[in-house]
Amino acid sequence: MGLVLDTLIFAVAWTHVLLAPYTKVEESFNLHATHDILFRGVHPSALLEFDHKVFPGAVPRSFLGSIILAWLSNHAARLANDLSLITTKFDLQVVIRLVLASINAQGLCFLRRAVARRFGRSTSVLFALITVSQFHLPFWMGRTLPNMFALPLVNFALYQLLGNGTRPAFRAVALLTFAAVVIRAELAALLGSFAIQLLLDGRISLIRLIKVGLISGLVSVASTVLIDSYFWDQWPLWPEFFSIYFNVYEGKSAEWGVSPFWTYLTTFLPNLLMATALFIPIGFIRDARVRALVQPALLFILLMSFIGHKEWRFVVYVVPLLNIAAAQGVRVLLNRPKGSIWGRLAFLMVAGALMLNTVVTILLTRASMANYPGGTALALLNERYADSAYVHVHVSNLAAQSGASLFLHTHAPPYRERIGVLPPTAPAVYHLWVYNKTEDLTPADIAYRSAFTHVIAESRDALPIGRWEIIDTIDGFEGWKVHRDILGLVKERGLQGLWGVLEMKKAEKLWIFEKRRE
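- Under an unreviewed UniProt entry, the chain has the name Mannosyltransferase and belongs to Lactarius akahatsu.
- What UniProt states about the chain under its Pathway (unreviewed entry) heading is, verbatim, "Protein modification; protein glycosylation."

## Focus on the pattern of salt bridges
Working step 1: By the definition in use, this model includes 13 salt bridges.
Working step 2: The closest approach of N and O atoms between arginine 289 and aspartate 287, which form a salt bridge, is 2.8 Å.
Working step 3: Connected through shared salt-bridge partners, Asp6, Arg112 and Arg113 make up one network.

## Here's the deal with a nonpolar patch on the surface
Working step 1: There is a patch of nonpolar side chains on the surface, built from Ile341, Trp342, Leu345, Phe347 and Leu348 and spanning about 590 Å² of accessible area.
Working step 2: Positionally, leucine 345 belongs in helix 18 (residues 341-369).

## Things to note about the nonpolar core
Working step 1: By size, the foremost hydrophobic cluster in this structure holds 138 residues, and its most contacted members are Leu190, Phe300 and Tyr317.
Working step 2: With 16 residues, the top contributor of residues to this core is helix 6 (residues 89-119).
Working step 3: Once residues within four sequence positions are removed from consideration, leucine 190 is found in contact with Val154, Leu176, Phe300, Tyr317 and Val318.
Working step 4: Ala447, Val455, Leu463 and Trp468 belong to the second-largest nonpolar core, a separate cluster that totals nine residues.

## Notes on the packing of aromatic side chains
Working step 1: Inspection of every chain in the model, using the stated rule, returns 21 aromatic pairs.
Working step 2: Between the aromatic rings of phenylalanine 110 and tyrosine 159, the centroid separation amounts to 5.3 Å while the plane-to-plane angle is 75°, which identifies the pairing as edge-to-face. Taken together, the positions of phenylalanine 110 in helix 6 and tyrosine 159 in helix 9 (residues 146-161) put the pair 49 residues apart, joining distant regions of the chain.
Working step 3: When the ring of phenylalanine 135 is compared with that of phenylalanine 139, the centres are 4.8 Å apart and the planes differ by 25°; the resulting orientation is stacked.

## Concerning helix 7 (residues 121-133)
Working step 1: In this model, helix 7 (13 residues) spans 19 Å end to end at C-alpha, consistent with the 18 Å of a helix rising 1.5 Å per residue.
Working step 2: Among the 13 residues that make up helix 7, 10 are buried, leaving the element largely enclosed by the rest of the structure.
Working step 3: What helix 7 keeps buried is the set Thr123, Ser124, Val125, Leu126, Phe127, Ala128, Ile130, Thr131, Val132 and Ser133.
Working step 4: Those residues of helix 7 that are buried are in contact with helix 1 (2-19), helix 6, helix 8 (136-140), helix 17 (319-334) and helix 18.

## Topic: the sheet that holds strand 1 (residues 392-395)
Working step 1: The strand order 2-1-3-5-4 describes an open sheet built from five strands, whose pairing is mixed. Whereas interior strands pair on both sides, the edge strands pair on one side only; in this sheet they are strand 2 (434-436) and strand 4 (468-482). Here the strands of the sheet are splayed against their neighbours by 20° on average, with no regard to which way each runs.
Working step 2: Those strands touched by helix 19 (residues 373-384) are strand 1, strand 2, strand 3 (454-457), strand 4 and strand 5 (502-515), and its axis lies near 145° from that of strand 4.

## Examining the packing of helix 5 (residues 64-82) against helix 6
Working step 1: Where helix 5 meets helix 6, the axes come as close as 9 Å, and the angle between the chain directions of the two elements is 120°. Regarding the angle of helix 5 to helix 6, the classification is oblique. Crossing hand, helix 5 versus helix 6: right-handed. Touching Leu69, Leu72, Ser73, Ala76, Ala77 and Ala80 of helix 5 are Leu92, Val95, Ile96, Val99, Leu100 and Ile103, all from helix 6.
Working step 2: Of the residues in the contact of helix 5 with helix 6, the class split is 11 nonpolar, one polar and no charged.

## Overview of helix 6
Working step 1: An ideal rise of 1.5 Å per residue puts 45 Å on 31 residues; helix 6 measures up with 45 Å between its terminal C-alpha atoms.
Working step 2: Phi turns positive one or two residues past the end of helix 6, at glycine 120, with a value near 115°.

## Quick notes on the UniProt feature "signal peptide" (unreviewed entry) in the chain
Working step 1: What UniProt calls "signal peptide" (unreviewed entry) maps, in this numbering, to residues 1-19.
Working step 2: A helix fraction of 95% and a strand fraction of 0% characterise residues 1-19, whose end C-alpha atoms lie 27 Å from each other.

Criteria and cut-off values
- Residues numbered from 1 in each chain as written.
- Predicted model: local features only at pLDDT ≥ 70, side-chain atom pairs only at ≥ 80, totals over all residues.
- Heavy atoms only, no water.
- UniProt positions renumbered as here; feature names shortened; annotations may be inferred.
- Salt bridge = Lys/Arg side-chain N within 4 Å of Asp/Glu carboxyl O.
- Patch = residues over 30% accessible without salt bridge, like charges linked within 9 Å, V, L, I, M, F, W, Y side chains within 5 Å.
- Areas by Shrake-Rupley, 256 points an atom, 1.4 Å probe, with all protein chains shown as cover.
- Helix = DSSP H or I, 4+ residues; strand = E, 2+ residues; numbered from the N terminus.
- Core = buried A, V, L, I, M, F, W, Y, C linked by side-chain atoms within 4.5 Å.
- Buried < 20%, exposed > 50% of the residue type's maximum accessible area, 1.4 Å probe, protein only.
- Contact = heavy atoms within 4.5 Å.
- Phe/Tyr/Trp six-rings, centres within 6.5 Å; stacked < 30°, edge-to-face > 60°.
- Expected span 1.5 Å × (residues − 1).
- Pairing = 2+ DSSP bridges.
- Axes fitted to C-alpha atoms, helices over the stretch in contact; angles between N-to-C directions.
- Parallel < 35°, antiparallel > 145°, perpendicular 65-115°, else oblique.
- Left-handed = near helix turned anticlockwise from the far one by under 90°.
- Nonpolar A, V, L, I, M, F, W, Y, C, P; charged D, E, K, R; others polar.

Here is the structure:
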């Protein structure tokens, strides 16, 4: 049974990657860092061409996660190539995302096994079913957000915390310390919350806690400073300390928006946990072991609520914890006599919640598949003009933010043979392709004073039609609408017609222009 559940977790994570292979701008730093490490190497002269040098962001991020992901992905790409599964440069992006999804899936599998030992086999089954029925965690754990690099460390730490004795507690503290120091600074609040719980439970003494935290903290700081100072060419550089200073001390995060204090509890966590959140209070009330896990999670959420700028990804780490609580709550409900009215109601409630999660997840996944117009546009351009010797395309801001990653620069250097995957491309054909993401160009600059042959624009009227021709229009997700004639739809298609009750609305998002030949 355990193998089946683990396979299910992996399969769901991989399915989300394959159905929505493109990426958004918030994933770009680690994705492009992995690209540059794979294709350019890490020699000092190569760093000058890294994406973070060409398009520097406001806050530095650590390269450690990307280095590890690039190393693992290189081996996975060679294997995929031997099996003839890779045909384009973009396929390497899919491989990278599958590797990251696998790491996160493995973390959940370890956690599920720990749940089986601590709470019983049935709770571990329910934990797996609840997790895969939700949307956000399975969808995002194959995406190169820094939070998804930190998530496996958090889950391995939780795996240790579900064990007994002091050594697992030490390992959990060390893992959370590393994750907080190197990858995501907000995890310091989760570390502190669990440290308090460990002290209250008597699993670790204050002196030993300080000793473990100090040693792991110093090792973590040394690792990130040595590696990231080299990649960013700043000495000394501790990216996450810089992030805290920039976002918290200087309050710059507020420029991205400020949400009410209770937003995590009233909006983000309900969206992350979906219908199965209803069972968390039952597990919390009925089981002291659940309370020992949920209390640090609630304290972490409370601490994060004091920061004005809030995003779901800042608290995604507690979703597995709360799913454990929900699974134990479901187990309590299902332990009622099967033949009784309360037993039947409990079964219907649990089945209904899981089904509702699944239906909503399917809808959100369908919407996400249609929500990357930039990736669709650039892939279409690459395919349409694959035999052209010269293309100079301007990629608009929306296109760059919605999927047009470096892995879609198919016909421009660096080429695939840099990492020994696929036979060498033909430089004589592709070396003149240019993918240009220069910002703040006026329509006149693009239309009349540039060497662009093609433009992926955000408006149908962006360029003069007499000089430019629209060759393709890219639609994107715009929302849902309810079919007016539901009964007629069911009569026409039977029960399958129910899937058409909600119709996806699409709107034109991007336009591909080609310059007319004079």
